[in-house]
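# Observations on the model geometry
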Amino acid sequence: NFTPESLRRSRECLEQAIALDPEFALPYVGLADHYLSQTWVGMPADEAMPRARELAQRALELDPDLQEAHAMLRIVAATYDLDWKEAERRFRLAMPREPVPWHVRSWYSCFYLLPVGRLEETRREAERSLGDNPLSQILYWCLAIALDALGLEEEARAAHGKVVELDPQFWLGWWQFGMHHAVHGRNAKARDCAEKAFALFPSSPHNIDRKSTRLNSSHANI
């Protein structure tokens, strides 16, 4: 849910898994993902991303072929280092064969294809991931952003609606849905979504910003 409480609980579970079996590689990637998620609730990237890199590298020490670990290092390379060549190299290591874990494909879609503007591929990979995990609000969230970027307003709106239908407590889904409405000039609906996101996570810098912004026609086009 990307709230401080949910992230605290996830960290406790992952650290317990590592304590129970320090040689099991996958929880290290999970903990790296935890730090990546912390950037959504206010942790500085300079604090979170080096820790995510360190944990993913530890996972690779334990399992050099672990797809999830290569995928996490791809995220760090792309979003923190802005090293797109390294991100592409890690992509090849993360997805050398089928089956590809759904979250690895999702990370590829959201954190590599989308930022470099390969929008049709972003959509295709998100839809493939949904075939493996059709109840994931995160996957619909990624698909909705891709559809918005492609200019497919009605399809994007349906995907945004699916996000909050699957998890009405997912503040990030309401926040992004509000942005979608604002861009298309539906200011009342944008405000309603922003209010829902703010109620779920009032201390989020994103929600405070959206709530304090008057969503008139000029702001909606920013």
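Residues numbered from 1 in each chain as written. Predicted model: local features only at pLDDT ≥ 70, side-chain atom pairs only at ≥ 80, totals over all residues. Heavy atoms only, no water.

### Some points on the layout of surface pockets
For the largest pocket, the calculated volume is near 1,000 Å³. Every residue lining the largest pocket is counted, 37 residues in all, and those nearest its centre are F2, D33, S37, W107 and I138. Of all elements in the fold, only α1 (4–20), α2 (26–38), α3 (45–62), α4 (67–80), α6 (102–113), α8 (137–149) and α10 (171–183) reach the threshold of two or more residues within the lining of the largest pocket. Here the lining of the largest pocket gets seven residues from one element, more than from any other, and that element is α2. In the lining of the largest pocket, the residues fall into 22 nonpolar, 13 polar and two charged. (1 Å grid on protein atoms, 1.4 Å probe; cavity = no way out; pocket = protein on both sides within 12 Å on 5 of 7 lines; lining within 4 Å. Points joined across faces, edges and corners; volume = space filled by probe spheres on them. Helix = DSSP H or I, 4+ residues; strand = E, 2+ residues; numbered from the N terminus. Nonpolar A, V, L, I, M, F, W, Y, C, P; charged D, E, K, R; others polar.)

### Things to note about the nonpolar core
Membership of the largest hydrophobic core comes to 36 residues, with the highest contact counts inside it found for V29, Y35, A59, M72 and M95. Counting residues per element, the ones that place at least two in this core are α1, α2, α3, α4, α5 (84–94) and α6. Looking at this core element by element, the count peaks at eight residues for α4. With residues near it in sequence (within four places) discarded, M95 still touches Q67, R74, V100, V104, R105, Y108 and E125. Core analysis: the second largest hydrophobic core is formed by 27 residues, L114, L119, L139 and W174 among them. (Core = buried A, V, L, I, M, F, W, Y, C linked by side-chain atoms within 4.5 Å. Buried < 20%, exposed > 50% of the residue type's maximum accessible area, 1.4 Å probe, protein only. Contact = heavy atoms within 4.5 Å.)

### Thoughts on a nonpolar patch on the surface
On the surface, L82, W84 and V116 cluster together to form a nonpolar patch covering roughly 260 Å² of accessible area. Within the fold, V116 resides in the loop between α6 and α7 (119–132). When its relative accessible area of 34% is taken as the criterion, V116 is described as partly exposed. (Patch = residues over 30% accessible without salt bridge, like charges linked within 9 Å, V, L, I, M, F, W, Y side chains within 5 Å. Areas by Shrake-Rupley, 256 points an atom, 1.4 Å probe, with all protein chains shown as cover. Salt bridge = Lys/Arg side-chain N within 4 Å of Asp/Glu carboxyl O.)

### Quick notes on the environment of P4
Inspection of the secondary structure puts P4 in helix α1. The sequence separation of P4 and E54 amounts to 50 residues, and the corresponding C-alpha distance is 22 Å. Those residues in contact with P4 that sit more than four places away from it in its chain are V41 and F201.

### Describing the confidence of the model for the protein chain
Fine structural detail should not be taken from predicted coordinates in areas where pLDDT scores are low. Taken residue by residue, the protein chain gives an average pLDDT of 88. The fraction at 70 or more is 91%. Taken element by element, the protein chain is modelled with least confidence in helix α13 (residues 217–220), mean pLDDT 36, and with most confidence in α3, mean pLDDT 97. Ignoring residues within four places in sequence, the model shows residues 210–222, a span with pLDDT below 50, making 20 contacts including any to other chains. (pLDDT = per-residue confidence, 0-100.)

### Quick notes on α1
End to end, α1 covers 24 Å across 17 residues, agreeing with the expected 24 Å (1.5 Å per residue, within 8%). Among the residues of α1, S6, L7, L14 and I18 are the ones counted as buried. Buried residues of α1, seen end-on, are gathered within an arc of 105° and therefore sit on one face of the element. Of the exposed residues in α1, those oriented more than 90 degrees away from the buried face are R9, C13, A19 and L20. Contacts from the buried residues of α1 go to α2. (Expected span 1.5 Å × (residues − 1). Arc of directions from axis to C-beta.)

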